[in-house]
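Letter by letter, the chains look like this.
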Amino acid sequence: MLILECPYCGVKAEETELAAGGEAHLKRFGPGSSDEEFHDYLFMRENPKGVHFERWRHANGCGKWFHAARCTMTLEVFGTYSAQTTEPPKEIQDKISEKRPNWTWRDVK
Ligand SMILES: [Zn+2]
């Protein structure tokens, strides 16, 4: 079972206490964007075999949204952090790089 620590209230919550919110760090496109940009924003998602960044909500707890960095193959959790960020905190990126030497943070699309 996936267990994530809520970065706001500190509770280690099981997956059943959380609500998944899809991919984290999406760049939003709205009015004034091209059809292709809007299409990609709505429909295109990464589906990696490995490191992934996701949005989660502590639904049966404090109710706040946060981000989690984890591996989709092993379910290893590298960390959780505030949803009010445009990229993962340096300590989480360093932790991922330590365990996955070929991994690098991508630019947000
Ligand atoms: Zn919480």
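All values reported here derive from a predicted model rather than from experimental measurement.

A. Region of interest: the overall build of the chain. Helix and strand content of the chain: two helices and six strands. Its helices and strands taken in sequence order, the chain reads β-β-β-α-β-β-β-α from the N to the C terminus. Here the chain has a C-alpha radius of gyration of 15 Å; the compact-globule value for 109 residues is 13 Å, and the two agree. Dimensions of the chain, computed from the C-alpha atoms along their principal axes, are close to 40 × 35 × 20 Å. Relative to its 109 residues, the chain shows a buried fraction of 17%.

B. Up close: the sheet that holds strand S6 (residues 77–82). Judged by pairing direction, the sheet is antiparallel, and its four strands sit side by side in the order S3-S4-S5-S6 without closing on themselves. Looking along the sheet, the strands with just one partner apiece sit at the ends: strand S3 (19–23) and S6. Put simply, the sheet's adjacent strands are angled 30 degrees from each other on average, direction ignored. Direction of pairing for strand S4 (residues 51–57) relative to strand S5 (residues 65–71): antiparallel, over a ladder of seven bridges.

C. Here's a closer look at unusual backbone geometry. Positive phi values are uncommon outside glycine, yet His25 reaches one of about 65 degrees. Exposure remark for His25: the 18 C-beta atoms within 10 Å place this residue in the partly exposed category. Unusually for a residue other than glycine, Leu75 sits at a positive phi of about 65 degrees. Within the secondary structure layout, Leu75 lies in the loop between S5 and S6.

D. Examining the nonpolar core more closely. Judged by nonpolar contacts, the single largest core of 13 residues is most densely connected at Leu4, Trp56, Ala68 and Ala69. Elements represented by at least two residues in this core include exactly S4 and S5. When sequence neighbours within four positions are dropped, the list of residues in contact with Leu4 reads Ala13, Leu18, Trp56, Ala68, Val77 and Thr80.

E. Up close: the environment of Pro88. With respect to the helices and strands, the residue Pro88 is situated in the loop between S6 and helix H2 (90–99). The spatial distance from the C-alpha of Pro88 to the C-alpha of His67 is 8.4 Å, given a sequence separation of 21 residues. If we ignore the near neighbours within four places in the chain, the residues touching Pro88 are Phe53, Ala69, Tyr81, Gln93 and Trp105.

F. Looking closely at the environment of His25. Within the fold, His25 resides in the loop between S3 and helix H1 (35–43). Through-space distance from the C-alpha of His25 to that of Leu75 is 20 Å; in sequence the pair is 50 residues apart.

G. Up close: the pairing of S6. In this sheet, S6 lies alongside S5 in antiparallel orientation, the contact comprising five bridges. When the bridges of S6 are listed, Phe66 appears paired with Ser82. Counting the residues in the hairpin turn of S5 and S6 gives five residues, including Leu75, whose phi is positive at 65 degrees.

About the thresholds
- Residues numbered from 1 in each chain as written.
- Predicted model: local features only at pLDDT ≥ 70, side-chain atom pairs only at ≥ 80, totals over all residues.
- Helix = DSSP H or I, 4+ residues; strand = E, 2+ residues; numbered from the N terminus.
- Rg over C-alpha atoms; globule rule 2.2 N^0.38 Å.
- Buried ≥ 20, exposed ≤ 12 C-beta atoms within 10 Å, placed from the backbone.
- Pairing = 2+ DSSP bridges.
- Axes fitted to C-alpha atoms, helices over the stretch in contact; angles between N-to-C directions.
- Core = buried A, V, L, I, M, F, W, Y, C linked by C-beta atoms within 7 Å.
- Contact = placed C-beta atoms within 7 Å.

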